[in-house]
Structures are given as structure tokens and as C-alpha cells.
Amino acid sequence: MDLRELVSALNDFASPALAESWDNVGLLVEPSPPHTVNTLFLTNDLTEEVMEEAVRKKADLVLSYHPPIFTPLKRVTWKTWKERLVVRALENRIGIYSPHTAYDAIPHGVNNWLTKGLGACTSVPLHPSTAPSSPAEGTHRVEFCADAEHLDALLSKIKDIPDISCLTTLPARVEGEEQTRVSLNCSKKALLEVVALLSQNSLLYHKTQILLLQKPLLPHTGMGRLCTLSEPVSLSDIIERIKGHLQLPHVRVAVGAGRTLESPVKKAALCAGSGSSVLKGTEADLYLTGEMSHHDVLDAVANGISVILCEHSNTERGFLSELRDALAIHLQNKIDIIVSEKDRDPLQVA
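Residues numbered from 1 in each chain as written. Predicted model: local features only at pLDDT ≥ 70, side-chain atom pairs only at ≥ 80, totals over all residues. Heavy atoms only, no water.

**Remarks on the pattern of salt bridges**
Pairing is possible between side chains that carry opposite charge, provided their charged atoms lie close to one another.
(1) Moving on: Counting across every chain of the model gives 19 salt bridges.
(2) Moving on: With a closest N to O distance of 2.8 Å, aspartate 343 and arginine 317 form a salt bridge. Taken together, the residues span a long stretch of sequence, with aspartate 343 in the segment after strand 15 (336-339) and arginine 317 in the loop between strand 14 (306-309) and helix 12 (319-330) at a distance of 26 residues.
(3) Moving on: Linked by salt bridges that have partners in common, Asp45, Arg317 and Asp343 make up one network. (Salt bridge = Lys/Arg side-chain N within 4 Å of Asp/Glu carboxyl O. Helix = DSSP H or I, 4+ residues; strand = E, 2+ residues; numbered from the N terminus.)

Here it is in C-alpha cells:
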């Protein structure tokens, strides 16, 4: 497939618009066109060892779940390992694409794969995603009625305000008088100017309606998951299930205050990777994630919530095999898709 065609297909699989605002997703490194992709190489982290594997296996595009370029590069030299990744990629005509938190949000993504480690359960996003695009422009809608005497001057001033859209006028009869109903959409910043303008006429201002325009929530899409198990299971059994699902010999466990390893778990909140900010404040019997700060673990335990930590990328990497099969279907088997054998969590138990 042509690289640009493939990138379009990958964006259809998981829209980059679903990623968190702080993230750096999409095509990060692009060889000069035209660039044909015969082999797509999947990895959780693009390290130098993984890049050498991609070169050996003649990859044309690396899909790295974590973006190897996150903070801006001021130069591309041989000095730092991330700069060397870009050099090696371009020397070998290998593109780099990263989905990161877009894959966290989608219904068929990393967090849904992680829920399978709990056993039979239902789940909903902890922080639902809103539709990335919506017909409504602006953040607020303002509606008011004005008589003919004030209408033209008012509309002229409103049109001078930036970020005004969908301005419409319709005849209206208010308290027996012929007037004009004005409706407009505006940004939060423009709203202040519109309100200031309308407040110059107290009668007009008191009859003004302001509506907050909210984008619709996307079903089953968003950050984190709150899982309700079909049947309560002891914490010790959940630990063994998680270890089996993630193929780990051990995990780190903090037992909630007033709980034991035999205490039942009915509700579990989870987030792949670093889940402190996503899980914080959620009522559950268990938090499952890769890593949390020491103080966030203490807070959870004090609130009677047990915590299972598996190390950051161990809660993500196993998804790659499932992703390979899903992408093969999505891309209609047009290219070879392989999973890195060198990719691994940097932390080991000595």
C-alpha cells in the first residue's frame, strides 16, 4: 500500500482526534514520497534495539504505540538515542506512526483488551470521549429578540466580533409586537463580547437565552474503564487472572484498608500505562494499572481500594497480537504485519 493510503486507513481504524490533547499521534516520520509499505512492524516502544530489528526485517512502516518523538527535537544528530531513531528510520526509508492514547480510547483498543484479564464483566469508559467533529460551531448559542429600531445597528456590531458563526434572523411576534429573533453561535471568548453588547439594553439582555453547545458522547469510547464483574471474585483470584492474562510471573499489590486477599472484588477501575490521573476519585474495589505515584497508592488504600500495578508497558504490550489480527482484517490483508520480538518493558526484577 502507498504510505498515505495506509495512514488514512490507520486513522480510520482509530481517529487521532480521540487522543488526549497533550499527546503526539499520527505519522511522525515520513520518507520522501512515493513510499510503498509492504511490511508494517508493530511495537509498544521504539528503542534502538527494536529499530535494528525493524531494519533487519525490512519494515517499511513502524507503528509504535508510544510516540518516540514527544517533545520537539531541535536537531537530528547522532548524539541522543531518539535523534538516532529518526536518522536510522530515514536512512532505511522507514516511516514511524504512533496512535498512543487514540488506541486507549477506542472500543477495540488497549483498555478493552486489559479488561479481559478480569474475567467476565461489563465495562464503561471512566472518561467518555466526545465526538471529534460536530455540525455545531462554537461553544455557545445565543438567542434574543430585537425590534426593527435596534436590529440593524445591533447586527452590525455583532458581525464585527470575531468567532461568530451561524448567525440567523427570523420574524417573531413577542407580546403582540413584531420583532426579529436572532440566533448565533460563538466561542467562549466571543460570548463575553456578545453579552457585554447586549447588556447595554437591559430589556434586551434580560430576555436573552444562552445555551451551552456540547458535543455528543461516543458510545463505549474514552479513557479508562470501570468494570463490573459478572460474579464477585476474591482479590487473590483476580491477581492470578491478571498475571495469566499479561503473562507475568509477578505483579505489585497494595491491599485496601479493611480488606484482605480474600475480600471480594465486584468493581474494578483500570487504565493501561500510567493511570493515576484517570483512576483518581473513582469508587471501586480495585484499581488496575501499570504505574501510580506513591501518594496516589496511599490515597487509594486509605479509601479501602486495593491496587494492582504491573509496570507501565506490561499493561499495553500484549494488545499488539490482538492489534495485528484486527489490522489484518481492516487492511484486507494487503500488507504483512509483524510484531516485534525485541520490544519489552525496561524494568526487570533482579
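Next, the rest of the story.
**Quick word on the packing of helix 2 (residues 48-56) against helix 3 (residues 81-91)**
Any two packed helices are characterised by the angle at which their axes cross and by the distance between the axes.
(1) Moving on: Put simply, helix 2 and helix 3 touch, their axes get as near as 10 Å, and they point 5° apart. What the angle tells us is that helix 2 and helix 3 run roughly parallel. Contacts from Glu48, Met51, Glu52 and Val55 in helix 2 reach Trp81, Arg84, Leu85, Arg88 and Ala89 in helix 3.
(2) Moving on: Here the residues of the contact of helix 2 with helix 3 sort into five nonpolar, no polar and four charged. (Axes fitted to C-alpha atoms, helices over the stretch in contact; angles between N-to-C directions. Parallel < 35°, antiparallel > 145°, perpendicular 65-115°, else oblique. Contact = heavy atoms within 4.5 Å. Nonpolar A, V, L, I, M, F, W, Y, C, P; charged D, E, K, R; others polar.)

**Considering the packing of helix 1 (residues 3-13) against helix 12**
(1) Moving on: Across the interface, helix 1 lies against helix 12 with an axial gap of 11 Å and an inter-helix angle of 115°. Viewed along their axes, helix 1 and helix 12 form a crossing whose handedness is right-handed. Residues Ala9, Leu10, Asp12 and Phe13 of helix 1 form the contact with helix 12, whose participating residues are Leu323, Ala326, Leu327 and His330.
(2) Moving on: For the contact of helix 1 with helix 12, the class distribution of residues is six nonpolar, one polar and one charged. (Left-handed = near helix turned anticlockwise from the far one by under 90°.)

**A closer look at the UniProt feature "binding site: a divalent metal cation" (unreviewed entry) in the protein chain**
(1) Moving on: The sites that UniProt annotates as "binding site: a divalent metal cation" (unreviewed entry) are His66, Asp104, His312 and Glu316. Judged by maximum C-alpha separation, these annotated positions cover 251 residues in sequence but sit close together in space, the widest gap being only 13.5 Å. When only the residues just named are considered, the second largest pocket is lined by His66, Asp104, His312 and Glu316.
(2) Moving on: Summarising the element assignment, histidine 66 is placed in the loop between strand 3 (61-64) and helix 3.
(3) Moving on: Contacts of histidine 66, omitting those with residues within four sequence positions, involve Asn44, Asp45, Ser98, His100, His312 and Glu316.
(4) Moving on: Separated by 2.6 Å, the side chains of histidine 66 and aspartate 45 make a polar contact.
(5) Moving on: The topology assignment puts histidine 312 in the loop between strand 14 and helix 12.
(6) Moving on: Within the local environment of histidine 312, its side chain forms a polar contact with the side chain of histidine 66, the two groups lying 3.3 Å apart. (UniProt positions renumbered as here; feature names shortened; annotations may be inferred. 1 Å grid on protein atoms, 1.4 Å probe; cavity = no way out; pocket = protein on both sides within 12 Å on 5 of 7 lines; lining within 4 Å. Polar contact = N/O pair within 3.5 Å; in protein donor to acceptor, adjacent residues only side chain to side chain.)

**Some points on the environment of histidine 220**
(1) Moving on: In this fold, histidine 220 is placed in strand 10 (residues 217-234).
(2) Moving on: When the C-alpha positions of histidine 220 and isoleucine 161 are compared, they lie 38 Å apart, and in sequence the two are 59 residues distant.
(3) Moving on: With residues near it in sequence (within four places) discarded, histidine 220 still touches Ala105, Ile106, Pro107, Pro125 and Arg225.

**Some details on the domain arrangement of the protein chain**
(1) Moving on: Assigned domains of the protein chain: these are domain 1 (3-100), domain 2 (106-129 + 221-313) and domain 3 (140-212).
(2) Moving on: Once you take the C-alpha centre of each, domain 1 and domain 3 turn out to be 49 Å apart. (Domains from an automatic or database assignment.)

**Observations regarding the sheet that holds strand 7 (residues 164-174)**
(1) Moving on: Taken in spatial order, the four strands of this open sheet run 7-8-6-9, and their pairing is antiparallel. On the outer flanks of this sheet lie strand 7 and strand 9 (209-212), each paired with one strand and no other. The average angle at which neighbouring strand axes cross in this sheet is 15°, direction not considered.
(2) Moving on: Two strands pair when backbone bridges link them, and strand 7 and strand 8 (residues 177-186) are joined in this way by nine bridges, in the antiparallel orientation. (Pairing = 2+ DSSP bridges.)

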